[in-house]
There are 2 protein chains.
Amino acid sequence: MDDQNKQNAEILALENFLPYRLNQAAEKVSQKFAQEYKKRYGLTRPEWRTFATIGQFGVITAREICNHSPMHKTKVSRAVFSLEKRRWVKRTQDPEDRRLEHLELTSVGQTAYKDMVNVARQFEKNFIDSIGGEDAKLLLTALNAIERRFEG
Amino acid sequence: MDDQNKQNAEILALENFLPYRLNQAAEKVSQKFAQEYKKRYGLTRPEWRTFATIGQFGVITAREICNHSPMHKTKVSRAVFSLEKRRWVKRTQDPEDRRLEHLELTSVGQTAYKDMVNVARQFEKNFIDSIGGEDAKLLLTALNAIERRFEG
DNA sequence: AATTAGTGGTTGCACATGTAACCATCCATT
DNA sequence: AATGGATGGTTACATGTGCAACCACTAATT
C-alpha cells in the first residue's frame, strides 16, 4: 500500500476524483438519513421516497411518481404495494381511464407523514449546521449547477 | 398532482430537500460515468472501484480496499474474483501471514488501467467544464466540509 | 367495428447485494 | 503446546433490483 512513490500522472487518486467524492459524500448523508427512517418506521429507501412523494402531492399516480423522483417503475410498484399493506396508502381507480390508479395517504399515513416531515426537516437542519451555513450555501449553488447541467 | 395548494409547512418538497438533491445529483453523475466504463470495459461499479483502487496503490489487500473506498467485503471479494478471471488482477499469498492476499494488476490490467485513467480524467474535466469552473470550486469546498463532518 | 400501436401497472426471472455463518490462520494467554 | 479470541477472506441464503414480457385498457387508423 504505497501510494506515495507512484504520485504521477499515470495514477488516479480515487479520493481526489470528483465524481467519486460526490458519490461518497451523498452516500454517507443518505445512509445516515436512511438509518433514521428505517429505525423509526422500518421503511426502505424506495418506500420512503414513494411515501414522501405521495405526501407531497396529495393525489398522484405511480407513473407521475416515477417522473418526479426518478425511480424504476417496478420499484415504485413494489413500494406502493408495501405501503398499501401497512395501510399508509390507498388507491382508487380513475373512472375515466381505468388504467390509472390515484394514490393518496390514508389518515394513518397522513399522521405518519407529518411526523416524518418533522424528522426530515430536523435532519436537514442538523446537516446544514454540522457542515456550516456558509458551506451549505455553496453546496446549494453547486447543486443548482449540476441540476441545470442534467436538464438538457 | 396538485403541489401548489398545499404549499405549507406540513409538506416537504422533495426537490428542495437537501439530502435528496445531493443524492440525486451524485447518482446522475455516477450513472453517466458508469455508463462510460460499462460500455468500454464491461465493468460493474464495485469492479471499477476495486480495479481503480488496486491500480492506485500498486499492491494492496482486499481488506485495505474496503478501508480506503468503503465497500462491503463480499462486494470486494466478488469484484476481485471477476477481475482475476479476466486476467487484470493477480493475487499472491503473503508468506509471513498466510491469511493475507496481496493484489496487483497484471500487465494487461496495467494497460487497461492507463486507458481507464485517461477516460476518468477526461470525464472529470468535461464535468467540471459543463457545470462551470466557478461552481466546481464551490462544490469542492462543500465536499471538503461534508467529508470533514463525516470523519468524527 | 376491427386492427394496431401505445400507456399504466404488475410479474417472472436472472442477477446483484447484505447478513451471517464459516474456514483458515494468526496472536495472546495459559 | 493448548486453548480461545480475533482477523482476512469466501460462501449459502434471503432479499432487493432491473429487464423483458405481460395484462388490461385507451387512442389512432382504417
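What counts as what
Residues numbered from 1 in each chain as written. Chains lettered and ligands numbered in written order. Predicted model: local features only at pLDDT ≥ 70, side-chain atom pairs only at ≥ 80, totals over all residues. Heavy atoms only, no water. Near = heavy atom within 4 Å. Polar contact = N/O pair within 3.5 Å; in protein donor to acceptor, adjacent residues only side chain to side chain. Nonpolar A, V, L, I, M, F, W, Y, C, P; charged D, E, K, R; others polar. Contact = heavy atoms within 4.5 Å. Buried area = accessible area lost by both parts, 1.4 Å probe. Salt bridge = Lys/Arg side-chain N within 4 Å of Asp/Glu carboxyl O. Helix = DSSP H or I, 4+ residues; strand = E, 2+ residues; numbered from the N terminus. Axes fitted to C-alpha atoms, helices over the stretch in contact; angles between N-to-C directions. Parallel < 35°, antiparallel > 145°, perpendicular 65-115°, else oblique.

Concerning the protein's contact with DNA strand D
Residue and element names in this part refer to chain B. Lining the immediate environment of DNA strand D, one finds 20 residues, of which Arg-63, Thr-74, Ser-77, Arg-91 and Arg-99 sit closest. Counted by atom, the contact set of DNA strand D within 4 Å of the protein is 64% sugar and phosphate. Measuring from a phosphate oxygen of DNA strand D, one finds a backbone N or O atom of Ala-62 at 3.4 Å. A distance of 3.0 Å separates a base nitrogen of DNA strand D from a polar atom in the side chain of Lys-73. Residue composition of the surface near DNA strand D, by class: three nonpolar, five polar and twelve charged.

With respect to the interface of chain B and chain A
Taken together, the 66 residues of chain B in the interface contact 66 residues of chain A. Across the chain B to chain A interface the summed buried area is about 6,500 Å²; carbon plus sulfur atoms make up 66%. Linking Arg21(B) and Glu147(A) is a salt bridge whose minimum nitrogen-to-oxygen distance equals 2.9 Å. Along the contact surface separating chain B from chain A lie 20 residue pairs in polar contact (both at pLDDT 80 or more). Mapped by element, the contributors of at least two residues to the side of chain B that touches chain A are α1 (18–41), α2 (45–57), α3 (62–68), α5 (107–131) and α6 (133–149) of chain B.

Focus: the packing of helix α2 (residues 45–57) of chain A against helix α4 (residues 73–85) of chain A
All names here are of chain A. Viewed as axis vectors pointing N to C, α2 and α4 meet at an angle of 80 degrees, and their least axial separation amounts to 9 Å. If you check the angle between α2 and α4, you find them roughly perpendicular. Between α2 and α4, the residues in contact are Pro-46, Glu-47, Thr-50 and Phe-51 and Lys-75, Val-76, Ala-79, Val-80, Ser-82 and Leu-83, respectively. Broken down by class, the residue content of the contact of α2 with α4 amounts to six nonpolar, two polar and two charged.

With respect to the environment of Ser82(A)
Mapping Ser82(A) onto the fold places it in helix α4. Expressed as a C-alpha distance, the spacing of Ser82(A) and Leu43(A), which sit 39 residues apart in the sequence, is 9.5 Å.

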